[in-house]
Amino acid sequence: MNIDKRLVRKDSLEKLFDILKQNSKAIYAPLSKNGKTTFGNAVAFETISDGYVQTTQSAKDIAFPRVDGMSVRGIDLNEIPEVVLWGVRPCDATGIGELSSIFNWDYKDEIYNNRLSKVTVFGFSCSKADDYCFCTSVGGNPGNTAGSDILFTQFGEGGDYLAEILTERGEKIVGLAPALFENSETDDKEKFLANVPVKFNHNEIREKLDKFFESKEWIEQSLRCLGCGACAYVCPTCACFDIQDEAHGKNGSRIRCWDSCGFSHFTLHTSGHNPRDVQSARWRQRIMHKFSYMPERLEVFGCTGCGRCSRACPVDMNILENLISIQEVTV
Amino acid sequence: MMDNLYMPYLMKIERITHEAPGVKTFMLKFVNEADQEKFTYKAGQFGEYSVYGVGESTFCIASPPTRKGYIECTFRQTGKVTNALSGCEEGSMIGFRGPYGNVFPIDEWKGKSLLFIAGGIALPPMRCVIWNALDMRENFKDVTIIYGARTVKDLVYKEELKDWELRKDVKLITTVDPGGESPDWKGEIGFVPTIVEKIAPSSEDTIAIVCGPPVMIKYTFPVLDKLGFTDDNIYTTLENRMKCGFGKCGRCNVGKVYVCKDGPVFTLAQLKELPDEY
């Protein structure tokens with residue numbers, strides 16, 4: 001397929017922002033506060049951060065909020081605003097697809113789908129990476145178009161942008177501001193992308209895991225794991241959730257909230273029996289789910305190489321190092 | 001408004017039966033007739049039962065699909081939701097969503113003998129398929145039920161046990177753990193695996209369905225193996241913790257298998273393929 005490629009001048013981004021606002025779209029973009037960059041409602045263009053390698057949290061809560069009401073009345077589409085998700089890294093944009101495959105295999109999860117149906121994704125290619133990044137080891141790359149409706153790649157620091165219009169939803173945005181999307185004379189974005197060396201082969205890891213369930217490696221790797229669940233909370237593809245009911249007099253609500261397979265009570269039975277009763281079994285579940293069970297059941301990997309889990313881990317467990325050691329260790 | 005997978009049906013508790021200490025059966029009717037009309041299920045499936053403001057709990061549907069117009073569930077008062085359920089009275093409203101999960105392939109069993117082996121509070125998931133089979137009794141050869149509990153008091157469905165005992169087309173053996181017998185107890189005394197070994201039911205052309213606490217299941221499988229049952233002809237159910245019931249929330253999986261989608265019914269052959277994480 002020929003991708004429609006346009007030039008967006010550096011100064012046009014702010015105009016685009018204003019036009020989107022005039023068209024009553026909410027814009028969720030990376031905002032910096034207290035040294036952290038997280039997606040939030042951007043009221044003005046100048047509040048949007050740039051220069052970040054990765055936001056602290058992924059963008060997944062746009063369709064899968066940390067706490068979501070599961071009103072028994074159903075979800076009213078009119079209550080969900082049209083949103084432009086601005087400044088999403090390609091690994092996060094890829095993660096939305098992986099999340100969708102979980103929510104849509106077999107039963108279709110309308111709550112998730114309704115929220116996502118209101119989202120247009122503006123991906124921004126990476127010009128910088130850090131030692132935690134490993135998208136190229138799991139099939140991605142710093143300029144990957146997967147999951148974005150429009151992918152912007154900046155021609156060097158302070159330069160103009162290449163805009164790849166990837167979907168119908170992207171075309172609609174161009175339709176709102178056609179003058180800002182000029183014809184592009186160059187479409188070579190490769191030299192402006194971050195260098196992320198390949199560290200392991202995810203297909204080899206997958207094959208290895210078929211015979212790895214009983215390995216002692218799981219114990220070694222998870223000895224220091226606190227079971228805090230931070231890795232799951234920052235992960236763009238972790239979808240495990242809990243359902244809780246709350247009642248306040250006649251007003252009640254059923255909510256779903258993020259959960260983690262790393263928590264000791266996640267699989268605890270009422271009887272006291274716990275199928276995954278030690279942290280190593282829970283760590284194994286995390287890796288197996290993303291690199292073995294998901295590829296087999298859903299034909300996608302549950303990891304985009306964003307590296308957030310390693311950045312967030314309070315005891316410095318590093319998923320990249322652990323995956324490399326799984327690849328290297330003999331069964 | 002869109003369909004919401006998580007929206008429960010509103011159910012009215014028609015009748016409450018006290019089965020054993022802490023164990024109750026609810027007969028539930030759909031408040032909305034349209035819900036009743038479109039609702040279908042098969043033996044082996046389960047649902048999420050909820051009390052307003054407290055939460056949801058997972059149990060099987062304990063009544064057979066051959067009885068129309070209502071469903072039943074049997075539960076033991078153990079946690080937050082079952083405590084709240086236990087406090088409900090006849091006429092109260094609760095929520096139910098389902099049915100979820102796979103089924104006992106009862107149509108494939110036609111022409112064979114059936115051997116049901118249950119322990120304690122695990123008779124409810126089996127009661128659905130027992131009644132389903134008895135309601136089409138002419139399709140099966142011998143029907144044998146071996147049911148054990150810790151004490152005589154802990155046996156559930158006492159009225160139905162009497163019923164099955166009187167039927168000429170059902171062979172019922174009840175047992176209680178040593179020390180759990182009452183002075184007038186006429187059944188067997190001993191753990192379920194021991195009694196299965198003692199009764200030694202024939203494995204010829206027979207399907208065995210085994211539900212019970214893990215320790216009972218663990219010691220019953222080798223006895224069945226000795227009696228000549230193949231792994232393909234032994235069925236059981238897994239009861240992992242669940243929230244959604246349809247493969248999203250991520251907690252009931254055993255390896256790549258979702259108990260809520262691929263189960264809860266498994267053959268022993270399928271179980272042996274799974275990692276030991278259930």
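From a predicted model like this one, the values you see are computed outputs, not experimental measurements.

What counts and what doesn't
- Residues numbered from 1 in each chain as written.
- Chains lettered and ligands numbered in written order.
- Predicted model: local features only at pLDDT ≥ 70, side-chain atom pairs only at ≥ 80, totals over all residues.
- Helix = DSSP H or I, 4+ residues; strand = E, 2+ residues; numbered from the N terminus.
- Rg over C-alpha atoms; globule rule 2.2 N^0.38 Å.
- Contact = placed C-beta atoms within 7 Å.
- Buried ≥ 20, exposed ≤ 12 C-beta atoms within 10 Å, placed from the backbone.
- Core = buried A, V, L, I, M, F, W, Y, C linked by C-beta atoms within 7 Å.
- Axes fitted to C-alpha atoms, helices over the stretch in contact; angles between N-to-C directions.
- Parallel < 35°, antiparallel > 145°, perpendicular 65-115°, else oblique.
- Domains from an automatic or database assignment.
- Nonpolar A, V, L, I, M, F, W, Y, C, P; charged D, E, K, R; others polar.
- Pairing = 2+ DSSP bridges.
- pLDDT = per-residue confidence, 0-100.

1. Some remarks on the overall build of chain A
Okay, step 1: For chain A, the count of helices and strands is 10 helices and 11 strands.
Okay, step 2: Here the C-alpha radius of gyration of chain A, 21 Å, is about what a compact globule of 331 residues would show, namely 20 Å.
Okay, step 3: Along the first, second and third principal axes, the C-alpha atoms of chain A reach 65 × 55 × 40 Å.
Okay, step 4: Within chain A, counting contacts between residues at least 6 apart in sequence, those at least 24 apart form 73% of the total.

2. Remarks on the overall build of chain B
Okay, step 1: The number of helices and strands found in chain B is 7 helices and 15 strands.
Okay, step 2: In terms of overall size, chain B behaves like a compact globule, its C-alpha atoms giving a radius of gyration of 18 Å where 278 residues would be expected to give roughly 19 Å.
Okay, step 3: When the 278 residues of chain B are sorted by exposure, 48% land in the buried category.
Okay, step 4: Of the contacts made within chain B by residues no fewer than 6 positions apart, 69% connect residues no fewer than 24 positions apart.

3. Description of the nonpolar core
The tendency in soluble globular proteins is for nonpolar side chains to be buried side by side.
Okay, step 1: Membership of the largest hydrophobic core comes to 156 residues, with the highest contact counts inside it found for Leu85(A), Phe116(B) and Ile209(B).
Okay, step 2: Discounting residues that sit within four places of it in the chain, Ile209(B) has contacts with Leu114(B), Phe116(B), Met126(B), Val129(B) and Tyr235(B).

4. Thoughts on the packing of helix H5 (residues 202-209) of chain A against helix H8 (residues 279-298) of chain A
All names here are of chain A.
Okay, step 1: Closest axis-to-axis distance for the H5/H8 pair is 9 Å, and the angle between their directions is 85°. Looking at the two axes, H5 sits roughly perpendicular to H8. In this structure, H5 uses His-202, Ile-205, Arg-206 and Leu-209 to contact H8, whose residues at the interface are Met-288, Phe-291, Ser-292 and Pro-295.

5. Structural notes on the environment of Asp231(B)
Residue and element names in this part refer to chain B.
Okay, step 1: Structurally, Asp-231 can be placed in the loop between helix H6 (214-226) and strand S12 (234-237).
Okay, step 2: Between the C-alpha atoms of Asp-231 and Gln-270, which are 39 residues apart in sequence, the distance is 8.3 Å.
Okay, step 3: For Asp-231, the contacting residues outside a window of four places in its chain are Thr-267, Leu-268, Ala-269 and Lys-272.

6. A look at the domain arrangement of chain B
Residue and element names in this part refer to chain B.
Okay, step 1: Assigned domains within chain B: domain 1 (9-100), domain 2 (110-227) and domain 3 (238-278).
Okay, step 2: Relative to domain 3, the C-alpha centre of domain 1 lies at a distance of 22 Å.
Okay, step 3: Elements that contribute at least two residues to the side of domain 1 that touches domain 3 include exactly strand S3 (46-51) and strand S6 (93-100).
Okay, step 4: Its residues assigned to classes, the side of domain 1 that touches domain 3 comprises 2 nonpolar, 3 polar and 1 charged.

7. Brief notes about the pairing of strand S5 (residues 83-88) of chain A
Residues and elements named next belong to chain A.
Okay, step 1: Counting buried residues along S5, 6 of its 6 residues qualify, which places the element largely inside the surrounding structure.
Okay, step 2: Two elements, strand S2 (residues 26-33) and S5, share 3 bridges in a ladder whose sense is parallel. Note that in S5 the partner of Ala-26 across the bridge is Val-83.
Okay, step 3: Where S5 meets strand S6 (residues 119-124), 5 bridges bridge the pair, whose relative direction is parallel. What sits directly across from Val-84, in S6, is Thr-120.

8. Let's talk about the confidence of the model for chain B
All names here are of chain B.
Okay, step 1: In the predicted model, chain B carries a mean pLDDT of 95, and 99% of its residues have values of at least 70.
Okay, step 2: Helix H1 (residues 33-38) is the least confidently modelled element of chain B, averaging 92 in pLDDT, while strand S7 (residues 113-119) averages 98, the highest of any element.
Okay, step 3: Scored as a whole, the predicted complex attains pTM 0.93, and scored at its interfaces, ipTM 0.90.

9. A short note on the sheet that holds strand S11 (residues 251-258) of chain A
All names here are of chain A.
Okay, step 1: Strand order in the open sheet formed by 3 strands is S4-S11-S10, with antiparallel pairing between adjacent strands. The open sheet has two edge strands with one neighbour each: strand S4 (67-69) and strand S10 (241-248). Averaged over all neighbouring strand pairs, the angle between strand axes comes to 30°, with direction disregarded.
Okay, step 2: One ladder, built from 3 bridges, connects S4 with S11; its direction is antiparallel. What sits directly across from Val-67, in S11, is Cys-257.

10. Some remarks on unusual backbone geometry
Okay, step 1: A cis amide bond links Gly98(B) with the next residue in sequence, Pro99(B), at an omega value of 0°.
Okay, step 2: Along the chain, Pro99(B) falls in strand S6.
Okay, step 3: Put simply, Gly263(B) and Pro264(B) share a cis peptide bond, and its omega is 10°.
Okay, step 4: Structurally, Pro264(B) can be placed in the loop between strand S14 (257-258) and strand S15 (265-267).
Okay, step 5: Despite not being glycine, Glu299(A) shows a phi value in the positive range, around 60°.
Okay, step 6: Along the chain, Glu299(A) falls in the loop between H8 and helix H9 (308-312).
Okay, step 7: Using a count of 9 C-beta atoms within 10 Å as the deciding quantity, one classes Glu299(A) as exposed.
Okay, step 8: One non-glycine residue, Tyr157(B), lies in positive phi territory at about 55°.

11. Re the sheet that holds strand S1 (residues 4-8) of chain A
Residues and elements named next belong to chain A.
Okay, step 1: Across the sheet, 8 strands lie side by side as S3-S2-S5-S6-S7-S8-S1-S9; this open sheet has mixed pairing. Two strands bound the open sheet, and with one partner strand each, they are strand S3 (36-41) and strand S9 (182-183).
Okay, step 2: Packing against the sheet, helix H2 (residues 90-104) makes contact with S5 and S6, and its axis sits at approximately 145° to S6.
Okay, step 3: With respect to the sheet, helix H4 (residues 168-176) is in contact with S6, strand S7 (150-154) and strand S8 (161-165), its orientation differing from that of S8 by roughly 125°.

12. Here's the deal with the interface of chain A and chain B
Okay, step 1: At the junction of the two partners, chain A supplies 41 residues and chain B supplies 32 residues.
Okay, step 2: Residue assignment for the side of chain A that touches chain B shows that the elements contributing at least two residues are H2, helix H3 (110-116), S10, S11 and H8 of chain A.
Okay, step 3: Of the residues forming the side of chain A that touches chain B, the biggest block, 7 residues, is contributed by S10(A).
Okay, step 4: Residues of the side of chain A that touches chain B, tallied by class, amount to 21 nonpolar, 8 polar and 12 charged.

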